[in-house]
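An overview of the molecular structure
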Amino acid sequence: IHLSCDLCVIGGGISGMFAAIAAAREGLQDILIHARPMLGGNASSEIRMWVCGARGSGNRETGILAEIMLENLRRNTTKNIYVWQMVLNEFVEREKNITLLLNCTCNDAEVEQGEFADGRTVRIKSITGYQMTTQTFIDVEAALYADCSGDSILAPLTGAEFRIGREC
């Protein structure tokens, strides 16, 4: 399968979800690829780390996170993790500009050499994902890519510089 879009977001944790939602609301056609069967990453019903944010000292969450937290507060008075999961999923699914690919791992990337914006000489041409539930390889070509995987999968796949471990 070959798909194309404006923005391909790899990783459906909180940061990937928010990147895809924000871009979709601005009119970009997004493909959100997530390796797991449910969205949210560490905040999912699988891992169960609640999003706590910048609490204390009068700080308050805003933006997309505030929208999700308010919806969860309205629907989930007992703080049931499965209701939270439904809220997360629904926020992505209601955006008509997002194509969601769950159970899809990014396992290859094609780069091209040339003269590109901002003095760059290399850019990502496409990525390949494998969706386990359909046993299908999916090639995605996008104008922009956002690696929100938590593991920076695109760096080693594209030959970009990266570090492993703790920085001093």
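As the structure is a prediction and not an experimental result, all values here were calculated from the model.

Before going further, it helps to spend a moment on the overall build of the protein. Helix and strand counts for the protein stand at four helices and six strands. Oriented by its inertia axes, the alpha-carbon framework of the protein measures out at about 55 × 45 × 30 Å. Burial analysis of the protein (168 residues in total) assigns 39% to the buried set. Pairs at least 24 residues apart make up 57% of the contacts formed inside the protein by residues separated by at least 6 positions. Of the accessible surface of the protein, which amounts to about 10100 Å², a share of 50% is contributed by carbon and sulfur atoms. Taking the average location of the 15 positive side-chain charges in the protein and that of its 21 negative ones, the two points are 10 Å from each other.

So, on to the pattern of salt bridges. In total, this model carries eight salt bridges according to the counting rule given. Residue arginine 36 pairs with glutamate 46 through a salt bridge whose shortest N-O separation is 2.3 Å. Of this pair, arginine 36 sits in the loop between strand S2 (30–33) and helix H2 (63–75) while glutamate 46 sits in the loop between S2 and H2, and the two are 10 residues apart along the sequence. The class for arginine 36 is partly exposed, based on a relative accessible area of 38%. One salt bridge connects glutamate 110 with lysine 125, and the closest N-O pair in it is separated by 3.9 Å.

Within the secondary structure, isoleucine 31 sits in strand S2. Classification of isoleucine 31 as buried rests on a relative accessible area of 3%. Once the C-alpha coordinates of isoleucine 31 and glutamate 112 are considered, the two residues, 81 residues apart in sequence, prove to be 21 Å apart. Not counting chain neighbours up to four residues away, the residues in contact with isoleucine 31 comprise Leu3, Ser4, Cys5, Leu7, Cys8, Val9, Thr99, Leu101 and Val140.

Next up on the list: the nonpolar core. Val9, Met17, Leu32, Ile68, Trp84, Val92 and Ile98 are the most contacted members of the largest nonpolar core, which totals 24 residues. The contact partners of valine 92, leaving out residues within four places of it in the chain, are Met17, Ile21, Leu32, Leu39, Ile98 and Leu100. Counting residues in hydrophobic clusters, the runner-up holds 15 residues, among them Cys5, Ile138, Ala142 and Tyr145.

Mapped onto the elements of the fold, glutamate 95 is located in the loop between helix H3 (81–93) and strand S3 (98–101). Note on glutamate 95: relative accessible area 13%, which makes it buried. Sequence-distant contacts of glutamate 95, defined by excluding residues within four places in its chain, comprise Ile21, Ala24 and Arg25.

The six strands lie next to each other as S3-S2-S1-S6-S5-S4, forming an open sheet whose pairing is mixed. Bordering the open sheet on either side are S3 and strand S4 (104–113), each of which pairs with just one other strand. Along the sheet, successive strands turn relative to each other by an average axial angle of 40 degrees, direction set aside. Bridging between S2 and S3 involves four bridges; their strand directions are parallel.

The rules behind each value
Residues numbered from 1 in each chain as written. Predicted model: local features only at pLDDT ≥ 70, side-chain atom pairs only at ≥ 80, totals over all residues. Heavy atoms only, no water. Helix = DSSP H or I, 4+ residues; strand = E, 2+ residues; numbered from the N terminus. Buried < 20%, exposed > 50% of the residue type's maximum accessible area, 1.4 Å probe, protein only. Contact = heavy atoms within 4.5 Å. Areas by Shrake-Rupley, 256 points an atom, 1.4 Å probe, with all protein chains shown as cover. Lys, Arg positive; Asp, Glu negative; His and termini not counted. Charge placed at Lys NZ, Arg CZ, Asp CG, Glu CD. Salt bridge = Lys/Arg side-chain N within 4 Å of Asp/Glu carboxyl O. Core = buried A, V, L, I, M, F, W, Y, C linked by side-chain atoms within 4.5 Å. Pairing = 2+ DSSP bridges. Axes fitted to C-alpha atoms, helices over the stretch in contact; angles between N-to-C directions.

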